[in-house]
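Structural characterization, general
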Amino acid sequence: MFRGSKLLSLIVVALAVSTSTLLFQTVSGNQIIAPSIMGFDALYVLLLTCAVYFLGGATFSVLPEMTVFAVTMAVMIVASLALFSTLLGAAQNDVMRLILTGVIFATLFRSITSFFQRIIDPNEYAVIAANSYARFNRIETDLLWIAMAVLVATVVVVWRMRHRLDVISLGYAQAVNLGEDPRRATFWILCLIAIFVSVSTALVGPVVFLGLIVVSVARLVTPTPHHSVLLISSALVGAITLVGGQLLMERVFALTTPLSVVIDFVGGCVFLIFLLKGIRR
Amino acid sequence: MIRVQNTSYAVSGTTILSDINLEITQGVVTALVGPNGAGKSTLLSLIARINKAQSGQITVDDLTIGDCDDRDLALRLSILTQDNTMGARLTVRDLVSFGRYPHHRGRATADDLATIETAIDRFDLTELADRYLDDLSGGQKQRAFIAMTFAQNTDYILLDEPLNNLDIAASRHLMPLLHDLCADQGKTIIVVLHDLNYAARYADQLVMMRDGQVVAQGTPKEVLTAQNVSDVFQTEADVRIIDGRPMVIV
C-alpha cells in the first residue's frame, strides 16, 4: 500500500511540476524559466510558515490538513496574481529582468521564511521544517487523494486550453491579432500555476529545478510549438525522471544521496547553460 | 470601413497621437508615410487593438474597437507588426498555419489546410516550409510572416513596414500582390512604408503624418508634393512626375 501511494504521489508531482513549468514558459514567452525559479514554491512555504507563526504550532497541527491545503491554495492564487501579473505584462520582452526579479522574489520569500523560523519556538519549528525541503522519501500521503482530485480537474482545464496556449506562446501582438486576449489568458494561467505549485509543494516540498529539466528535455524529444504534444511529452518525461530517479536512489545508491539534491544539481547546470547560451545569442 | 474619430494616445505623459480623425478608403491600398516618430505604427496598433487609445473611437465596419469580441475582429482584420520575435520555435508551415486559427480555433479543416498551402506557395516558401524561423534570413522570415497574415484572409489587413528586410525583387513582388488583393478580392490594406517611392508607385491612397497628426490625405499625386515633403520631412527633395506618379529624387 505504501509503495503504491508513493508511486502515485511521484506521478502527481511530476504532472504538476511539468505542466506548471510549461504553462509558465508559455505565458512568459521564455523557455529558460520555471515557476520555482520565480519563487512560487518559496511563496508556498512562506505562507505555511506564517500560518504556523501566527496561529501557533499547536493550533496549526490540529487543523484538518484538508482545510490547510485549501486555504493555502486560495492564498497562493491571490498572492501569485498580485505579484506576477503586472511583472509578466511589463517584462515580456525582457528576459533578464524577469529572471532577476524572480530570483529576488525567491530569495526574499526564503529569507522571510528563515527569519520566521528563527524567531519561532523550536517545537513549532519542527512543524514547518518538514515543509521547507524537498523530500521524496517521506511523502504526505494523507493529502494524496485530495491533491489528485485537484490535479485531475486542473489538468482537464489545461488540456481544454491547449490550442489557446499555442496562440499565447506566440507573444502579445500575435495573440491579439489571432483574437485571443493575452491579459485574460495570463490571469487564468497564473491561477492554474498556483494550483499546480500548491499540489506539488504540499506533497513533496519545493523542487527548484525539476520542471526546467523536464520541459527542456521534452522540447528536445518533441520539437513542436503545439501544447497538445508538449503537455503529454513533458508529463511523461517528468514521470520517468521522478519515478526512475527515485528507483535508482533507493535500489542502486541505497538512499545515500537524496533525489532532490541530484535533480537540483543537474537542473542548476542546465539552467546555467541555457542562461549563458541566451546571453551569447 | 475603418473610421478613426478624435483618437488620442499618450505614453507616460508624452503625446504620441493627438486627436486623429481619419477614414480609410475601402478596397484600396492606403500607405501611411511620415518621418520617424510620427505615430504611424502607433495608429496601426490602435486600430488592431494591440494598444488601447485613451480617448476617441475606432470602428471597423460595425465593430467598435475595445467593445467588440476579439475573436470577431480577428476574422475581419489582421495585423503584421514590426517586432516579430517569437517565444516558441516554429517552422514556416507552423507559423503560416496559425493564420487560420481565428477560423477553426484549433481544429483545422481541409479548407484551412488548402489555404495554408496556397499561402506558402504564393510567397515562394515551399522549399522553406519545414525550416525553422530562427534559421532563416530576415527577408525569408518577413515573407513567412506576410504569408501568415495572408492565410488569415481578412477583409482588412494592416502591415507595419512589410518591406523591412526585403530586397528589391521581393518588394516588387509583394507590393503588386497587395494591389491585386484589393482589386480582385476587395480587401482594404493599410501599410506603413518608409520608402516614399514605393508608396507613390504602389499605393492608391496616401496618409501623411507628422508629430502625431494627419497632415495630408489623398492620391499620391495630391499628397506627395515637393512642398509637403519639405514641410513634413524637413528636407529639400525634388519631386517629379513619371508615368503619372510622383517620384521623389533622393
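Everything discussed here concerns the structure shown above.
Computed from a predicted structure; not experimentally measured.

**Let's talk about the overall build of chain A**
From N to C terminus, chain A includes 13 helices and zero strands. Secondary structure elements of chain A occur, N-terminal to C-terminal, as α-α-α-α-α-α-α-α-α-α-α-α-α. Computed over its C-alpha atoms, the radius of gyration of chain A comes to 18 Å, within 12% of the 19 Å expected for a compact globule of 281 residues. Within chain A, the proportion of its 281 residues that are buried is 54%. Counted over contacts in chain A with a minimum sequence separation of 6, partners at least 24 positions apart contribute 81%. When the accessible surface of chain A is totalled, it reaches about 12300 Å², and 71% of it is carbon and sulfur. Once the 17 positive and 12 negative side-chain charges of chain A are each reduced to a mean point, those two points are 9 Å apart.

**Thoughts on a nonpolar patch on the surface**
All names here are of chain A. A contiguous nonpolar patch, built from Tyr 53, Phe 54, Phe 115 and Ile 119 and spanning about 430 Å² of accessible area, is present on the exposed surface. Those elements that place two or more of their residues in the nonpolar patch are helix H2 (40-55) and helix H5 (95-119). On the basis of relative accessible area, Phe 115 is assigned to the partly exposed category, the value being 49%.

**A word on the interface of chain A and chain B**
Contacts between the two partners involve 21 residues from chain A and, on the opposite side, 29 residues from chain B. With both chains or domains summed, chain A and chain B bury close to 2100 Å², and 54% of this area falls on carbon and sulfur atoms. Among the residues of chain A in contact with chain B, Leu170(A), Asn177(A) and Leu178(A) are the three that bury the most area, contributing 28% of the side total. The interface formed by chain A and chain B holds one salt bridge in total. Between Glu180(A) and Arg105(B) there is a salt bridge, with the nearest N and O atoms lying 2.6 Å from each other. The interface formed by chain A and chain B includes six residue pairs in polar contact (both at pLDDT 80 or more). Of all the elements in the fold, those that place two or more residues in the side of chain A that touches chain B are helix H8 (162-168) and helix H9 (172-177) of chain A.

**Side note on the pattern of salt bridges**
Think of it this way: side chains of opposite charge can pair up when their charged atoms draw near. All names here are of chain A. Under the counting rule described, the total for this entry stands at 14 salt bridges over all chains. Residue Glu 250 pairs with Lys 6 through a salt bridge whose shortest N-O separation is 2.6 Å. Within this pair, whereas Glu 250 is found in helix H12 (residues 227-252), its partner Lys 6 is found in helix H1 (residues 2-28), the two being separated by 244 residues in sequence. Here Asp 181 ties to Arg 184 by a salt bridge, and the two come within 3.9 Å at their closest N and O atoms. Taking the relative accessible area as the measure of exposure, Asp 181 reaches 23% and is therefore partly exposed. Look at the salt bridges and you will find they share partners, linking Lys 6, Glu 250 and Arg 251 into a network.

**Let's talk about the sheet that holds strand S8 (residues 188-192) of chain B**
Two strands in a sheet stick together by hydrogen bonds in their backbones, pointing the same way (parallel) or opposite ways (antiparallel). Residues and elements named next belong to chain B. Spatially, six strands are ordered S6-S7-S8-S3-S9-S10 in an open sheet, and the strand pairing comes out mixed. Only two strands of the sheet have a single partner each, and these edge strands are strand S6 (77-80) and strand S10 (213-218). Averaged over all pairs of adjacent strands, the angle between strand axes in this sheet comes to 15 degrees, irrespective of strand direction. Here four bridges tie S6 to strand S7 (residues 156-160), and the two strands are oriented parallel to one another. Within S7, the residue paired with Leu 80 across the bridge is Leu 159. Sheet strands in contact with helix H1 (residues 40-47) are strand S3 (29-33), S6, S7, S8 and strand S9 (205-210), and its direction is about 145 degrees off that of S7.

**Description of H1(B)**
All names here are of chain B. Among the eight residues in H1, seven count as buried, and that is most of the element. Every buried residue belonging to H1 is among Lys 40, Thr 42, Leu 43, Leu 44, Ser 45, Leu 46 and Ile 47, and all of these are buried. Once H1 finishes, Arg 49 follows within two positions and takes phi at roughly 55 degrees, a positive value.

**Remarks on the sheet that holds strand S1 (residues 2-11) of chain B**
The four strands lie next to each other as S2-S1-S4-S5 (chain B), forming an open sheet whose pairing is antiparallel. Either end of the sheet is taken by a strand with one partner, and the two such strands are strand S2 (14-24) and strand S5 (63-64) of chain B.

**Description of the packing of aromatic side chains**
All names here are of chain A. The final tally for this structure, using the stated rule, is twelve aromatic pairs over all chains. On the basis of an interplanar angle of 75 degrees and a centroid distance of 5.6 Å, the ring pair of Phe 24 and Phe 40 is categorised as edge-to-face. Here Phe 24, found in helix H1, pairs with Phe 40, found in helix H2; they are 16 residues apart in sequence, far enough to count as distant. Both residues of the pair, Phe 24 and Phe 40, belong to the buried class. Summarising the aromatic geometry, the rings of Tyr 53 and Phe 116 are spaced 4.8 Å apart at their centres and angled 45 degrees between planes, so their arrangement reads as tilted. One end of the pair, Tyr 53, is in helix H2; the other, Phe 116, is in helix H5, and 63 residues separate them in sequence. Its relative accessible area of 32% is what places Tyr 53 among the partly exposed residues. These aromatic residues form a ring-pair network of at least three members: Phe 24, Phe 40, Phe 84, Phe 105 and Phe 109.

Rules behind the numbers
Residues numbered from 1 in each chain as written. Chains lettered and ligands numbered in written order. Predicted model: local features only at pLDDT ≥ 70, side-chain atom pairs only at ≥ 80, totals over all residues. Heavy atoms only, no water. Helix = DSSP H or I, 4+ residues; strand = E, 2+ residues; numbered from the N terminus. Rg over C-alpha atoms; globule rule 2.2 N^0.38 Å. Buried < 20%, exposed > 50% of the residue type's maximum accessible area, 1.4 Å probe, protein only. Contact = heavy atoms within 4.5 Å. Areas by Shrake-Rupley, 256 points an atom, 1.4 Å probe, with all protein chains shown as cover. Lys, Arg positive; Asp, Glu negative; His and termini not counted. Charge placed at Lys NZ, Arg CZ, Asp CG, Glu CD. Patch = residues over 30% accessible without salt bridge, like charges linked within 9 Å, V, L, I, M, F, W, Y side chains within 5 Å. Salt bridge = Lys/Arg side-chain N within 4 Å of Asp/Glu carboxyl O. Buried area = accessible area lost by both parts, 1.4 Å probe. Polar contact = N/O pair within 3.5 Å; in protein donor to acceptor, adjacent residues only side chain to side chain. Pairing = 2+ DSSP bridges. Axes fitted to C-alpha atoms, helices over the stretch in contact; angles between N-to-C directions. Phe/Tyr/Trp six-rings, centres within 6.5 Å; stacked < 30°, edge-to-face > 60°.

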